[in-house]
Amino acid sequence: MQEVTGLFDPMALGIVLMGTILATYAREGGQDVAAAVASAFRLGRKGFDASATRSALARTVGEIKRLGHLGAHPIDPPDNATTKLLNAYIRSGSVEAMLKLAQLQRMKRDIQSVAATRVYETAGELAPVFGLVGTLIAITQLMPDMESSAADIVMASVASAVLSSLYGVLSANLLFFPLARAIERRGDQEEAERNLILEWFENELIDGRQSPAPRPANLKNMRGAA
């Protein structure tokens, strides 16, 4: 237990983390930092539900094929972005308009993902730098005072210096860089799932528009009587 507590230096940890956060904020800006924090919190929640989204769209496709896009009663998917795509098609009846909106949504998600990833990569680059800053600050404390022995001062300063560098390296490689990669992987996975569903939905709508309309019953009867 004593060995574990010996690895904890609140001052050194504060210098590394607070310095990294402030420097990242200054370099990347508040908007991107806020987006990065939100992206990190989303990692702990369930992401895009491809199965539920496709199920809702499949039922809506049946309505569209049966009643047309204006007469259909759409079943909103659990994903807000997909709901907007569906509503765009229902209002306009245009697959092209839906695809254009999908492209704009994709661009917006890509911008947010790249910004969040860049923030954590920047933090990962800065953390070891502030580990070195903590080391230099600890070295400045080597001057003994009247109440403490020189040996005690030197040992405490050396320990703080080593821990500062350790905190910088660990926070970069166990916190900031892994967060950047996790956000990137989540984004890539969701986009792949969205693309598959959008491609399927587009094909279903086009097939529905190209399928021949059913003949009226009275017309069949007239041809039969003739």
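Residues numbered from 1 in each chain as written. Predicted model: local features only at pLDDT ≥ 70, side-chain atom pairs only at ≥ 80, totals over all residues. Heavy atoms only, no water.

Draft legend 1. Summary view of the nonpolar core. The biggest cluster of nonpolar side chains holds 17 residues, and the ones touching the most others in it are Leu 57, Ile 64, Tyr 89, Met 98, Phe 201 and Leu 205. When residues of this core are traced back to their parent elements, those giving at least two are helix H4 (50–71), helix H5 (80–92), helix H6 (95–139) and helix H7 (150–210). Residues within four places of Leu 205 in sequence aside, it is in contact with Ile 64, Tyr 89, Val 95 and Met 98. (Core = buried A, V, L, I, M, F, W, Y, C linked by side-chain atoms within 4.5 Å. Buried < 20%, exposed > 50% of the residue type's maximum accessible area, 1.4 Å probe, protein only. Helix = DSSP H or I, 4+ residues; strand = E, 2+ residues; numbered from the N terminus. Contact = heavy atoms within 4.5 Å.)

Draft legend 2. The side chain of Asp 79, seen in detail. Checked against the element boundaries, Asp 79 lands in the loop between H4 and H5. In this structure the side chain of Asp 79 is engaged in a polar contact, spanning 2.7 Å, whose partner is the side chain of Thr 82. Setting aside anything within four residues of it in sequence, one finds Asp 79 in contact with Phe 48, Thr 53 and Arg 194. (Polar contact = N/O pair within 3.5 Å; in protein donor to acceptor, adjacent residues only side chain to side chain.)

Draft legend 3. Looking closely at helix H3 (residues 30–42). Given a rise of 1.5 Å per residue, 13 residues ought to cover 18 Å, and the 18 Å separating the end C-alpha atoms of H3 matches this to within 8%. Every buried residue belonging to H3 is among Asp 32, Val 33, Ala 36 and Ser 39, and all of these are buried. Projected down its long axis, H3 shows its buried positions confined to an angular sector of 120°, all on one face. Among the exposed residues of H3, those oriented more than 90 degrees off its buried face are Gln 31 and Phe 41. (Expected span 1.5 Å × (residues − 1). Arc of directions from axis to C-beta.)

Draft legend 4. Region of interest: H6. Taking 1.5 Å per residue, 45 residues should reach 66 Å; H6 reaches 66 Å between its end C-alpha atoms and fits that length. Helix geometry: H6 is bent most strongly at Leu 126, by close to 25°, with proline Pro 128 lying one to four residues after it. (Bend = angle between axes of the 7 residues up to and from the residue.)

Draft legend 5. The arrangement of the pattern of salt bridges in detail. The tally for this structure, following the rule as stated, stands at twelve salt bridges. Glu 28 is the partner of Arg 118 in a salt bridge, and the nearest nitrogen-oxygen pair spans 2.9 Å. Linking Arg 118 in helix H6 with Glu 28 in helix H2 (residues 10–28), this pair joins segments that are 90 residues apart in sequence. What makes Arg 118 partly exposed here is its relative accessible area of 34%. (Salt bridge = Lys/Arg side-chain N within 4 Å of Asp/Glu carboxyl O.)

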